[in-house]
Amino acid sequence: MLKGKSIVSIDDVETEDFYEIFHRASIFKKTVKEGKSLELMKGRIMSTFFFEPSTRTRLSFESAMNRLGGSVISVSEAKNSSAAKGETIADTIRMASSYSDIVVMRHPMEGAARVASEFSTVPVLNGGDGSGQHPTQTLLDLFTIWEKYGKIEDLEISLVGDLKYGRTVHSLIKALNRFNNKINLVSPEILQMPDHFLNTLKNRTKINLNSNIDEVLQTTDVFYVTRIQKERFVDLNDYQKVIGSYSFNQELVDRMKDNAIIMHPLPRVDEIDPKIDGNKRAYYFIEAANGVFVRMALIDLILRGGKVE
Ligand code: CP
């Protein structure tokens, strides 16, 4: 049951809730595509606090609330809020709770959303906390896989790129690991998934560490490619060593399974060649578009919870 809940980690979402979100997101996708309007959130307000840059998460949350008939109030940069004057997350969220029915927060500090949820009287959704987690991204990633394969289990999934700092893969591996999936971790050595994340996983037997992209190219069903997070490096010399580590181009795509898909939370830099955007395996823009429908489902389940026709 999601009603009234904050989503700070993907662990806050039960497995049965995944399927409820998928079904509701499918209904909303059809409704939006048919041009029908909804009033399920009439009179409800969402506040969004984005203290780190965002295109997809912020706009898709705001689009989702508007498409449900609700309203949005927004802080798009820390410098435009009283955080710039030294206000704490606790006080910011106390205010947001009294001005809105649900809060979405992105923050550069890992754990910021957890702090916010402790001081909020309304549900808080983590829109990304530093190198921590990005649970709502995971829900739209899972939905995209479910739409393609009709399941989120018994698949071979390769997580590629920056597995150290990439918060999307931290949430995603926790979700995928609940099911019988084979997971390959493909990254430069200095960007491997941190042990403190791997140690939280219940089922490590199907996780293939230190794999090489060529070794998994012909068996992978889902490639989940990530940007190397330049902004998180303490020493930019280390960044210089790993830029351009992976390039998903035509040559690579031609060696994949016919039915494989390529996902990416975006933004991309140079890890996916735009020349493959038209390839049938390129799913990253479908994935990003699904963000609106999945976030509509999540908002509706958290704030209302009833059935949808
Ligand atoms: N996927 C994602 O989090 O994108 P933004 O940084 O643009 O929100």
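Keep in mind that this is a model prediction, so the values were computed, not measured.

**A look at the domain arrangement of the protein chain**
Examined at the domain level, the protein chain breaks down into domain 1 (10–134 + 290–303) and domain 2 (136–287). On a C-alpha basis, the centroid separation for the pair domain 1 and domain 2 is 24 Å. Tallying the contact residues gives 33 residues for domain 1 and 28 residues for domain 2. Across the domain 1/domain 2 interface, buried area totals approximately 2700 Å², and carbon plus sulfur atoms make up 56% of it. Looking only at domain 1, the three residues that lose the most surface to domain 2 are F22, H134 and N290, adding up to 25% of its buried area. Remark: the boundary between domain 1 and domain 2 carries four salt bridges. Where domain 1 meets domain 2, there are 23 residue pairs in polar contact (both at pLDDT 80 or more). Among the secondary structure elements, those contributing two or more residues to the side of domain 1 that touches domain 2 are α1 (15–33), α2 (56–67), β3 (102–107), β4 (124–129) and α11 (284–303). Looking at the side of domain 1 that touches domain 2 element by element, the count peaks at nine residues for α1. Here the side of domain 1 that touches domain 2 is composed, by residue class, of 11 nonpolar, 13 polar and nine charged.

**Comments concerning the environment of A297**
Along the polypeptide, A297 turns up in helix α11. Judged by relative accessible area, A297 falls into the buried class, the value being 0%. A297 sits 277 residues away from E20 along the chain, and the two C-alpha atoms are 8.5 Å apart. Contacts of A297, omitting those with residues within four sequence positions, involve I21, R24, A25 and F28.

**Examining the nonpolar core**
In terms of nonpolar packing, the biggest core is built from 62 residues, with F18 and L159 touching the most fellow members. Of the residues forming this core, the biggest block, 10 residues, is contributed by α11. Among all residues touching L159, those that are not within four sequence positions of it are V169, L172, I173, I183, N184, L185, V186, M193 and Y224. Counting residues in each nonpolar core, the second largest holds 19 residues, with I213, V225, L252 and A260 among its members.

**Quick notes on a nonpolar patch on the surface**
On the surface, a nonpolar cluster with roughly 300 Å² of combined accessible area is contributed by I73, M95 and Y99. Here M95 is to be found in helix α3 (residues 89–99). For M95, a relative accessible area of 39% corresponds to the partly exposed category.

**Considerations on α2**
Three- or four-residue spacings in an α-helix give side chains the same orientation, since the helix completes a turn every 3.6 residues. Over its 12 residues, α2 extends 16 Å from the first C-alpha to the last, a length consistent with the 16 Å expected when each residue adds 1.5 Å. Buried residues of α2: T57, S60, F61, E62, A64 and M65, and no others. Here the buried face of α2 lies against β1 (45–50), β2 (71–75), β3, β4, α5 (135–149) and α11. The positive-phi residue at the C-terminal boundary of α2 is G69, with phi of around 90°.

About the cut-offs
Residues numbered from 1 in each chain as written. Predicted model: local features only at pLDDT ≥ 70, side-chain atom pairs only at ≥ 80, totals over all residues. Heavy atoms only, no water. Domains from an automatic or database assignment. Contact = heavy atoms within 4.5 Å. Buried area = accessible area lost by both parts, 1.4 Å probe. Salt bridge = Lys/Arg side-chain N within 4 Å of Asp/Glu carboxyl O. Polar contact = N/O pair within 3.5 Å; in protein donor to acceptor, adjacent residues only side chain to side chain. Helix = DSSP H or I, 4+ residues; strand = E, 2+ residues; numbered from the N terminus. Nonpolar A, V, L, I, M, F, W, Y, C, P; charged D, E, K, R; others polar. Buried < 20%, exposed > 50% of the residue type's maximum accessible area, 1.4 Å probe, protein only. Core = buried A, V, L, I, M, F, W, Y, C linked by side-chain atoms within 4.5 Å. Patch = residues over 30% accessible without salt bridge, like charges linked within 9 Å, V, L, I, M, F, W, Y side chains within 5 Å. Areas by Shrake-Rupley, 256 points an atom, 1.4 Å probe, with all protein chains shown as cover. Expected span 1.5 Å × (residues − 1).

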